[in-house]
Amino acid sequence: MSDLDSRKQAILRAIVIEYVSQAEPIASEALVQKYDLGVRSATVRNEMAELSELGMLEQPHTSAGRVPSDLGYRFYVDRLVEVREPDSASKSAIDDASDEGDALQELLRETIRSLSRMTHLLGVATTARDTSIEVRTAIVSALGPARALLVVAFGNGHVENRMMECPTNLSLEDVGRLNETLQREVIGQDVSQLSRLKLPISELGSPRELLALAVWNQLIAIGQELSRGKVFTEGEEFLLGQPEFRRDPGAFAELLRQLYDGDALYRAVYPNAVSQNSTIAGTGTVTIGKENVQSELQKFSVVRSTYFVGNNEAGVIALVGPTRMAYDKSIPLVNFTAEVLSESLTKFFG
């Protein structure tokens, strides 16, 4: 990446700040009026032309001002951004959200919902594809003569609830004996073993064995799903309100397709799913525009940070938005959110 002298850095930084705020190309006259750059408009215009030649700026229209390119944003994030500590109200909102639920899914949804509301960007959370996570609890509860609930809790805090139909003539004694089987055969199994679980059948055709067969099918399905990892999103409506996507609804439609393809979004958000990235703080990374491997995300930036249960990686928290993103706010918010979430999950499940 080319180095820039102090004047070009000041001009690039000012253009990024103004474009993030206005979402309109920035002219040299506007910069001279607002910023103490120590030179006249003609000099700023020449500097902007040189920044364009270096690939840091782009000119959407012949008569328009300039906007940052992906390379310009990258230089800004790596060299110029002044990261702002989240204010007390934002920290309090994140703290409150991280205490909302007892299960991992609830914590993640509440946390990214709060993060999305604060930034007006898409909040994304993933759970790690860790097949070594073990089953801590597995229990079936009868909810009446025709329905039963299977609850499976894992060592990372993830909980699965599955409703099932009960076979006729099922007794509470049958449910109790099935739970004894679950304790003996399922507790302590990891996700990879769960997806290959074999049913210990003794009385094929009895009500208890029919329910056991339904439970085992659900357990295998859960194991297979968790082996792929899970993705949660909140705040799609905020992205639709961004000026870029009002002008280019096709880009938003492409992102929506990614959202409905959970595996594609998982690959896009996970830290190893990028062609280039810049480490911001510990486990946090930012990818900008064409740095994203998925072509559908190449008009977006992703700010992400890993969260943990104890010392074990549990997943990723991320914000997805236009490249015209307030990185000075988004980066510290995502990192702070991952830290708070890690503390909460470790306290509950570590």
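In what follows, the structure referred to is the one given above.
Everything quoted here is computed from the prediction, not taken from an experiment.

Chemist: Go over the overall build of the chain, please, and point to the residues and values.
Modeler: Scanning the chain for helices and strands turns up 14 helices and 11 strands. C-alpha atoms of the chain, sized along the principal axes, occupy 90 × 35 × 30 Å. Among the 350 residues that make up the chain, the fraction classed as buried is 51%. The long-range share in the chain, meaning contacts at least 24 apart out of those at least 6 apart in sequence, stands at 62%. In the form shown here, the chain has an accessible surface area of approximately 16300 Å², with 46% of it arising from carbon and sulfur atoms.

Chemist: Which residues make up the layout of surface pockets, and what values go with them?
Modeler: Here the largest pocket defines a volume of roughly 770 Å³. If you trace the largest pocket, you find 29 residues lining it, with Y19, E58, V67, P68 and T323 closest to the centre. Breaking the lining of the largest pocket down by element, the ones donating at least two residues are strand 2 (67-68), helix 4 (70-80) and helix 11 (243-247). A per-element tally of the lining of the largest pocket places helix 4 first, with four residues. Considered class by class, the residues forming the lining of the largest pocket number 13 nonpolar, five polar and 11 charged.

Chemist: Mind laying out the pattern of salt bridges, listing which residues take part and the relevant values?
Modeler: Applying the stated criterion to the full structure yields 20 salt bridges. The residue E47 makes a salt bridge to K8 at a minimum N-O spacing of 2.8 Å. Of this pair, E47 sits in helix 3 (residues 41-53) while K8 is found in helix 1 (residues 6-22), placing the two residues 39 residues apart along the sequence. Taking the relative accessible area as the measure of exposure, K8 reaches 9% and is therefore buried. The salt bridge involving R113 is made with E110; its shortest N-O contact spans 2.8 Å. Of this pair, R113 and E110 are both found in helix 6 (residues 104-119), three residues apart, which corresponds to roughly one turn of the helix. Here R113 falls in the partly exposed class, since its relative accessible area comes to 23%. A relative accessible area of 29% means that E110 is categorised as partly exposed.

Chemist: Any chance you could break down the environment of E50 for me, citing the residues and the numbers?
Modeler: Here E50 shows up in helix 3. Distance in space between the C-alpha atoms of E50 and K8 is 8.8 Å, their sequence separation being 42 residues.

Chemist: Give a description of the sheet that holds strand 5 (residues 147-154) that names residues and reports values.
Modeler: Spatially, three strands are ordered 4-5-6 in an open sheet, and the strand pairing comes out antiparallel. Single-partner strands in this sheet number two, and they are strand 4 (135-142) and strand 6 (159-165). Each neighbouring strand pair of the sheet contributes to a mean axis angle of 15°, computed without reference to strand direction. Here strand 5 pairs with strand 6 via seven bridges, running antiparallel. Paired with L150 across the bridge in strand 6 is R162. Taken strand by strand, helix 9 (residues 207-228) contacts strand 4, strand 5 and strand 6, and its axis lies near 145° from that of strand 6.

Chemist: So what's going on with the nonpolar core? Which residues, and what values?
Modeler: Core analysis: the largest hydrophobic core is formed by 52 residues, its most contacted members being L12, L31, Y307, I317 and Y327. Those elements giving two or more residues to this core turn out to be helix 1, helix 3, helix 4, helix 6, strand 9 (284-288), strand 10 (300-309), strand 11 (312-322) and helix 14 (327-349). The biggest single contributor to this core is helix 14, with nine residues. Beyond its immediate stretch of four places on either side in the chain, L31 contacts I11, A14, I15, E18, I26, L37, V44 and M48. Formed by 24 residues, the second largest nonpolar core is a distinct cluster that contains V135, A138, V191 and L211.

Chemist: Tell me about a negative patch on the surface, and name the residues and values.
Modeler: There is a patch of like negative charges on the surface, built from D95, D96, E339 and E343. Mapped by element, the contributors of at least two residues to the negative patch are helix 5 (88-97) and helix 14. Mapped onto the secondary structure, E343 falls in helix 14. Judged by its relative accessible area of 57%, E343 falls in the exposed class.

Chemist: Report on the packing of aromatic side chains, specifying residues and quantitative values.
Modeler: Tallied over the entire structure, the rule returns one aromatic pair. Each ring, one from Y73 and one from Y327, has its centre 5.8 Å from the other, and the planes form 55°; the classification is tilted. Residue Y73 is found in helix 4, and its partner Y327 is found in helix 14; the two are separated by 254 residues along the sequence.

The rules behind each value
Residues numbered from 1 in each chain as written. Predicted model: local features only at pLDDT ≥ 70, side-chain atom pairs only at ≥ 80, totals over all residues. Heavy atoms only, no water. Helix = DSSP H or I, 4+ residues; strand = E, 2+ residues; numbered from the N terminus. Buried < 20%, exposed > 50% of the residue type's maximum accessible area, 1.4 Å probe, protein only. Contact = heavy atoms within 4.5 Å. Areas by Shrake-Rupley, 256 points an atom, 1.4 Å probe, with all protein chains shown as cover. 1 Å grid on protein atoms, 1.4 Å probe; cavity = no way out; pocket = protein on both sides within 12 Å on 5 of 7 lines; lining within 4 Å. Points joined across faces, edges and corners; volume = space filled by probe spheres on them. Nonpolar A, V, L, I, M, F, W, Y, C, P; charged D, E, K, R; others polar. Salt bridge = Lys/Arg side-chain N within 4 Å of Asp/Glu carboxyl O. Pairing = 2+ DSSP bridges. Axes fitted to C-alpha atoms, helices over the stretch in contact; angles between N-to-C directions. Core = buried A, V, L, I, M, F, W, Y, C linked by side-chain atoms within 4.5 Å. Patch = residues over 30% accessible without salt bridge, like charges linked within 9 Å, V, L, I, M, F, W, Y side chains within 5 Å. Lys, Arg positive; Asp, Glu negative; His and termini not counted. Charge placed at Lys NZ, Arg CZ, Asp CG, Glu CD. Phe/Tyr/Trp six-rings, centres within 6.5 Å; stacked < 30°, edge-to-face > 60°.

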